[in-house]
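# Architecture at a glance
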Amino acid sequence: MSSYEQLRQGLSAPICLTWEVTYACNLACVHCLSSSGRRAPDELTTAEARSLIDEWAAMQVFYINVGGGEPLTRPDFFQLMEYAIERRVGVKFSTNGTLLDRAAARWVASTDYVDVQVSLDGVSAKVNDPIRGRGSFQRAWRAMELLAAEGVPFKVNHVVTRHSLADLDRLYERVTGMGGQLRVTRLRPSGRGRLVWAALRLTQAQNRELYHWLRAHPDVLTGDSFFHLSALGTPLDGLNLCGAGRIVCCVDPRGDVYACPFVLAPEFRAGNVREQSFASIWSRSPLFLRLRRTEVGGSCSGCEAYGRCHGGCMAVKHFTGAPLDGPDPECVFAPDGRPGPEQLPISPRPIRPVFVR
Ligand code: SF4
Ligand code: SF4
């Protein structure tokens, strides 16, 4: 069996496992994929979270992507991360950076198997703050400076939007100039993203521009999130396939297991780790078994680019109401449609104080 076919049919453990440790967040970004803000009252306890890490260690999960909400709002965050490392499960955690202080930067620097990624959605407060909240740019930048001062090879995650694309070169230069690495990801209409999708998503002309920019910057990470653009020519680096339920899954703060962090919807919930082991959900849930058999057909089946694009992202199709077995709504061969509104329909809340330690 080819390695592509092996990945398509699913592996014995996920390669890309996102663990959202809390729904609490001191920001309220307008495109938040998990609509975070308040902690859910029934989030996994420390003991339950440790058992989950034990299971992943037994399954030989190589690393976990830890997110939220804002993971640093969880009082046992450092304790849990140290436990994961002790069990030889590597940690990549994403943070809005506003709560990352010098002590946290030193902890990252002193710890093997920890990777940190700070979210920043513009090269300036003018572009970033309407999305992530007033003052968030300055505080995220401060976090990057603290990490750089400790010699941490941090990453900056940037959700590219209609308003930020023109600044990509500047962002790339500033991040790499500090010793960081840029990661550019796709806006999806998931969570609160549904409300701002029309206003923030790239135009088709911008998608083409982005494809060429990414081809010219192979050192920029993408988390394989633009594989629908590979239909334009030489494929971008990555698997170029929707990995949901095959190699990708997400455990939410309550222990619900979803096919992907961008599809936190009942249709894509495979089970809960309080009722069933993670391993059995991963290997036997009817949802995941079905996703591993799925092939995108519809108008994609006769498309010459199908081998490079594989029909695009399931989450974008689901939340825009497009059929899951048809083309990605941002298929490069689709017409541009009407431009979205210039003003965002919702505003981020200001930063809220949080006491972590
Ligand atoms: S028609 Fe389908 S396979 Fe072809 S480029 Fe569009 S989304 Fe990709
Ligand atoms: S649903 Fe979209 S984001 Fe999720 S794994 Fe598939 S392509 Fe990636």
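Before any of the text, the structure's been laid out above.
As the structure is a computational prediction, the values presented were derived from the model and not from experiment.

For the rest of this paragraph, the subject is the sheet that holds strand 2 (residues 63-67). Spatially, nine strands are ordered 6-5-4-3-2-1-7-8-9 in an open sheet, and the strand pairing comes out mixed. Edge positions in the sheet fall to strand 6 (181-186) and strand 9 (269-272), since each of these pairs with one other strand and no more. Strand-to-strand twist in this sheet, taken as the mean axis angle between neighbours without regard to direction, amounts to 25 degrees. When strand 2 meets strand 3 (residues 90-95), the two strands line up parallel, connected through four bridges. What sits directly across from Ile64, in strand 3, is Val91.

Surveying the vicinity of ligand 2 reveals the residues Arg188, Phe227, Cys242, Gly243, Ala244, Cys260, Phe262, Cys313, Met314 and Ala315. Classifying every residue of the shell around ligand 2 gives eight nonpolar, one polar and one charged.

Turning next to the packing of helix 2 (residues 46-58) against helix 3 (residues 77-86). With their axes 10 Å apart at the nearest point, helix 2 and helix 3 run at an angle of 20 degrees to one another. One way to sum up the angle between helix 2 and helix 3 is to call them roughly parallel. In this structure, helix 2 crosses over helix 3, and the sense of that crossing is right-handed. Here helix 2 contributes Thr46, Ala49, Arg50, Ile53 and Asp54 to the contact with helix 3, which in turn contributes Gln79, Leu80, Tyr83 and Ala84.

One pass over the full model with this rule turns up 10 aromatic pairs. Taking the centre distance of 5.3 Å and the plane angle of 75 degrees together, the rings of Trp19 and Trp56 count as edge-to-face. Of the two residues, Trp19 is situated in strand 1 (residues 16-20) and Trp56 in helix 2; the sequence distance between them amounts to 37 residues. Across the pair, exposure class does not vary: Trp19 and Trp56 are buried alike.

Another aspect to go through is helix 6 (residues 136-149). Note: α-helices contain 3.6 residues per turn, so residues at a spacing of three or four share the same orientation. Under the 1.5 Å per step criterion, the end-to-end length of helix 6 is 20 Å for 14 residues, consistent within 8% with the ideal 20 Å. Buried residues along helix 6 sit in contact with helix 4 (102-110), strand 4 (114-119), helix 5 (125-132), strand 5 (155-160) and helix 7 (168-177). Gly151 lies just past helix 6 and shows a positive phi near 75 degrees.

A word on empty space enclosed by the protein. All told, the structure shown has one cavity of 30 Å³ or more when counted by the stated rule. Looking at the largest cavity, its volume works out to about 70 Å³. What lines the largest cavity is simply Val160, Arg186, Leu187, Trp197, Arg201, Leu202, Asn207, Phe226, His228 and Glu330.

Time to look at the pairing of strand 6. Alignment of strand 5 against strand 6, held across six bridges, turns out to be parallel. Its bridge partner lying in strand 6, Val160 is registered against Arg186. With helix 7 bridging strand 5 and its parallel neighbour strand 6, the resulting β-α-β unit is right-handed.

Attention now moves to the environment of Arg208. Counting through the fold element by element, Arg208 comes out in helix 9 (residues 204-216). Residue Arg208 is classed as partly exposed on the basis of its relative accessible area of 39%. In this structure the C-alpha to C-alpha distance between Arg208 and Ser230, which are 22 residues apart in sequence, comes to 10.0 Å.

A separate point is unusual backbone geometry. Along the chain, Gly68 connects to Gly69 via a cis peptide bond; the corresponding omega equals 20 degrees. Mapped onto the fold, Gly69 is located in the loop between strand 2 and helix 3. We note that Ser35 has phi near 50 degrees; this positive angle belongs to a residue other than glycine. For Ser35, the location among the structural elements is in the loop between strand 1 and helix 2. Despite not being glycine, Asp224 has its phi angle at roughly 60 degrees, a positive value. Looking at where Asp224 falls in the secondary structure, it is placed in the loop between helix 9 and strand 7 (248-251). Since its relative accessible area comes to 18%, Asp224 is described here as buried.

Definitions and limits used
- Residues numbered from 1 in each chain as written.
- Chains lettered and ligands numbered in written order.
- Predicted model: local features only at pLDDT ≥ 70, side-chain atom pairs only at ≥ 80, totals over all residues.
- Heavy atoms only, no water.
- Pairing = 2+ DSSP bridges.
- Helix = DSSP H or I, 4+ residues; strand = E, 2+ residues; numbered from the N terminus.
- Axes fitted to C-alpha atoms, helices over the stretch in contact; angles between N-to-C directions.
- Near = heavy atom within 4 Å.
- Nonpolar A, V, L, I, M, F, W, Y, C, P; charged D, E, K, R; others polar.
- Parallel < 35°, antiparallel > 145°, perpendicular 65-115°, else oblique.
- Left-handed = near helix turned anticlockwise from the far one by under 90°.
- Contact = heavy atoms within 4.5 Å.
- Phe/Tyr/Trp six-rings, centres within 6.5 Å; stacked < 30°, edge-to-face > 60°.
- Buried < 20%, exposed > 50% of the residue type's maximum accessible area, 1.4 Å probe, protein only.
- Expected span 1.5 Å × (residues − 1).
- 1 Å grid on protein atoms, 1.4 Å probe; cavity = no way out; pocket = protein on both sides within 12 Å on 5 of 7 lines; lining within 4 Å.
- Points joined across faces, edges and corners; volume = space filled by probe spheres on them.
- Right-handed = clockwise from strand over helix to strand, strands pointing away.

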